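Listed below are the residues making up each chain.
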Amino acid sequence: MTLIPPQAPLRRSRLQRLTLSRRQQTLWVIGLCSLFLLGIILSTWIIGDTGLNPILAQRNQSPSLDHPFGTDWLGRDMLSRSLHGMSLSLRVGLLAATISAFIGSSLGLAAGTLGGWVDAVITWIVDVFFSLPHLVLLILIAFAVGGGTTGVVVAVALTHWTSLARVIRAEVLQVNSSDYVQLSHRLGRSPLWIARHHMIPHIIPQLLVGLILLFPHAILHEAALSFIGIGLSPHIPAIGIILAESMRHLSTGYWWLGVMPGVLLLLAVKAFDWLGENLRDLLDPKTSQG
Amino acid sequence: MLNAENLWFRYGTHLPWTIQEKSMAVAPGDVIGIMAPSGFGKTTLAKLLAGYLNPAKGNVTLDDKPLPKRSYNPVQLVFQNPELAINPRWRIDRILREGHPPLLRHLDALGISSSWLTRYPHELSGGELQRVAIARVLNPQTRYLIADEMTAMLDANTQALIWQVVLNIARQQQMGLIIISHDARLLNRLCPKCLDLTHTHPSEPNLDEMLPTY
């Protein structure tokens, strides 16, 4: 007669331990992702120029312990080239996404708080941007500015602010008309006090998450623009340029030239994605406590 | 004396009047009920009386002066849904202190335990949150309290507790109480005087009329 399995209490405690650590799990993911991305950005200074010089005796080597990403047709180490490229792409992406988030949040705040014709004009601009194909606009702006690093930064910054502006505008409108803000006015609180204590704490997390979720977009589009040749200069080892160069060698069996930098790009973009998602969980009081 | 004279209100210039020619007066210590089914402008009237909305015609005065716009309004409104009337990012302690801090004995009477104070709103139930929302405006500076379907979403026990406490405090502080509800039985038990919007409303609104025309 074993109606109650003896493992029952043990199993519950194990489950409890798992559920208790959700907040810690979130913190761990955030920490690891930040460390990974910071590592990529700082790697250029750590490894320096080693591996970027051509060593013709070591041409076209497949991945090994000496060269985890293999070597290219000039005998350069693909790992250091990819890290250099990724580091550059991340920095360009960070700059573009930050400018974009700044434009987006200021226009969103203006539309939400000022209302009237300001709101109408900003909403109209956002709608125009939404109706145009994303990538075409990106290419046109980058081309018009004259390509290069500035072209990429300007193009990405000018095309990516719209969704964040819409989110911020909607949040401002929603909080402004909410019962608790209306009540706060009747409790004798000044508009400035309400902005500081009700609005900003509500907007900041949205802004932060929006900014972080913008990074992968910015990085991917930087890589895309460089890939088709109107982004960063071909002399710079940007990730898009490395991928574009590798296209010529894929058919000859040198798969690692494209796959390894591609996987690195994918991991970096995904790391930003995880960072953003987990930060959102952490900042929302409904999910931060679990 | 809280006076509403000849109030007219509509939500847009092309929409039908929600409130037409409403007048009422509440003296300190009065308990007045307002009865009507949904769609008869109960909440609109409550918001007009508490200064959330401005009437198109007519005015609301408190002791012959208009309601204060910048400072603490002595006419306070308690909403039906406490979850919308409370900032979800604030702890209970901070929510209670947003206006004038409530008296400790009122917190005790409403059954708000000190362990709630450090929690977030989503960690409390609807009934517990509504008690917090009520305690927030039950301070001595509030002279008129408008309860807009205040206990409509609560169970009978919590309803009884809340009304007992609120009526007690209103009596002690000579606070005017306006109870808005669709529930005739509740109003009959609570209020000596009851205003029925269904009878005073000149034209009964129907849903077709409420929808904007394009």
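Details of the structure are given in the entry above.
Below is a summary of the structure that appears in this document. It should be emphasised that the depicted structure is a prediction, and the values quoted were computed from it without experimental measurement.

Side note on the overall build of chain B
Here's step 1: Helix and strand content of chain B: eight helices and nine strands.
Here's step 2: In terms of C-alpha radius of gyration, chain B reaches 17 Å, essentially the compact-globule figure of 17 Å for 214 residues.
Here's step 3: Projected onto its principal axes, the C-alpha coordinates of chain B cover approximately 50 × 40 × 35 Å.
Here's step 4: Each of the 214 residues in chain B was classed as buried or not, and the buried ones make up 37%.
Here's step 5: Taking all contacts inside chain B whose residues are at least 6 apart in sequence as the whole, residues at least 24 apart take part in 77%.

Examining the interface of chain A and chain B
Here's step 1: Chain A puts 14 residues into the contact, and the matching count from chain B is 18 residues.
Here's step 2: If you list the elements that add at least two residues to the side of chain A that touches chain B, you get α8 (179-186), α9 (191-227) and α12 (285-288) of chain A.
Here's step 3: A per-class count over the side of chain A that touches chain B returns five nonpolar, six polar and three charged.

Describing the pairing of strand β1 (residues 2-9) of chain B
All names here are of chain B.
Here's step 1: Examined bridge by bridge, β1 and strand β2 (residues 19-26) share five bridges and lie antiparallel to one another. Residue pairing across strands places Phe9 opposite Ile19, the latter belonging to β2.
Here's step 2: Across five bridges, the pairing between β1 and strand β4 (residues 57-62) is antiparallel. Paired with Trp8 across the strands is Lys57, a residue of β4.

Some points on the pairing of strand β3 (residues 31-35) of chain B
The side chains of a regular strand alternate, first on one face of the sheet and then on the other.
All names here are of chain B.
Here's step 1: A large share of β3 lies buried, amounting to five of its five residues.
Here's step 2: On β3, burial covers both faces: Val31, Gly33 and Met35 on one face and Ile32 and Ile34 on the other are all buried.
Here's step 3: Judged from the five bridges that link them, β3 and strand β8 (residues 176-181) form a sheet pairing that is parallel. Bridge pairing links Met35 to Ser181 in β8.
Here's step 4: Note: β3 against strand β9 (residues 193-196), four bridges, orientation parallel. Bridge assignment links Ile32 to a residue of β9, and that residue is Lys193.

With respect to the nonpolar core
Here's step 1: Counting 61 residues, the largest nonpolar core has Met86, Ala96, Val152, Val156, Ile212, Leu214 and Ala268 of chain A as the members making the most contacts within it.
Here's step 2: Looking at this core element by element, the count peaks at 13 residues for helix α3 (residues 78-114) of chain A.
Here's step 3: If sequence neighbours within four positions are ignored, Met86 of chain A has contacts with Ile40, Ile239, Leu264, Leu265 and Ala268 of chain A.
Here's step 4: Core analysis: the next-biggest nonpolar cluster, separate from the first, contains 57 residues, Val60, Val78, Ile146 and Ile180 of chain B among them.

Conventions we followed
- Every chain begins its residue count from 1, and numbering advances along the sequence as written.
- Each chain is given a letter, starting from A, and each ligand a number, starting from 1, according to the order in which they appear as written.
- For this predicted model, a pLDDT threshold of at least 70 governs which residues receive local features, and a threshold of 80 or more governs which side-chain atom pairs are given and counted, while totals over whole chains, interfaces and linings are taken from all residues.
- The helix count covers DSSP runs of H or I at least four residues long, the strand count covers runs of E at least two residues long, and both are numbered beginning at the N terminus.
- We compute the radius of gyration from the C-alpha atoms alone; for a globule the expected value is 2.2 Å times N to the 0.38, where N is the number of residues.
- Neighbour counting defines burial: a residue surrounded by 20 or more other C-beta atoms within 10 Å of its own C-beta is buried, one with 12 or fewer is exposed, and intermediate counts give partly exposed, using backbone-placed C-beta atoms.
- We call two residues in contact when the distance between their C-beta atoms, placed using the backbone, is within 7 Å.
- For this classification, the nonpolar set comprises Ala, Val, Leu, Ile, Met, Phe, Trp, Tyr, Cys and Pro, the charged set comprises Asp, Glu, Lys and Arg, and every other residue, Gly included, is treated as polar.
- Pairs of strands are assigned from DSSP output, requiring at least two bridges between the strands.
- Each nonpolar core comprises buried Ala, Val, Leu, Ile, Met, Phe, Trp, Tyr and Cys residues, the members being joined through C-beta atoms within 7 Å.

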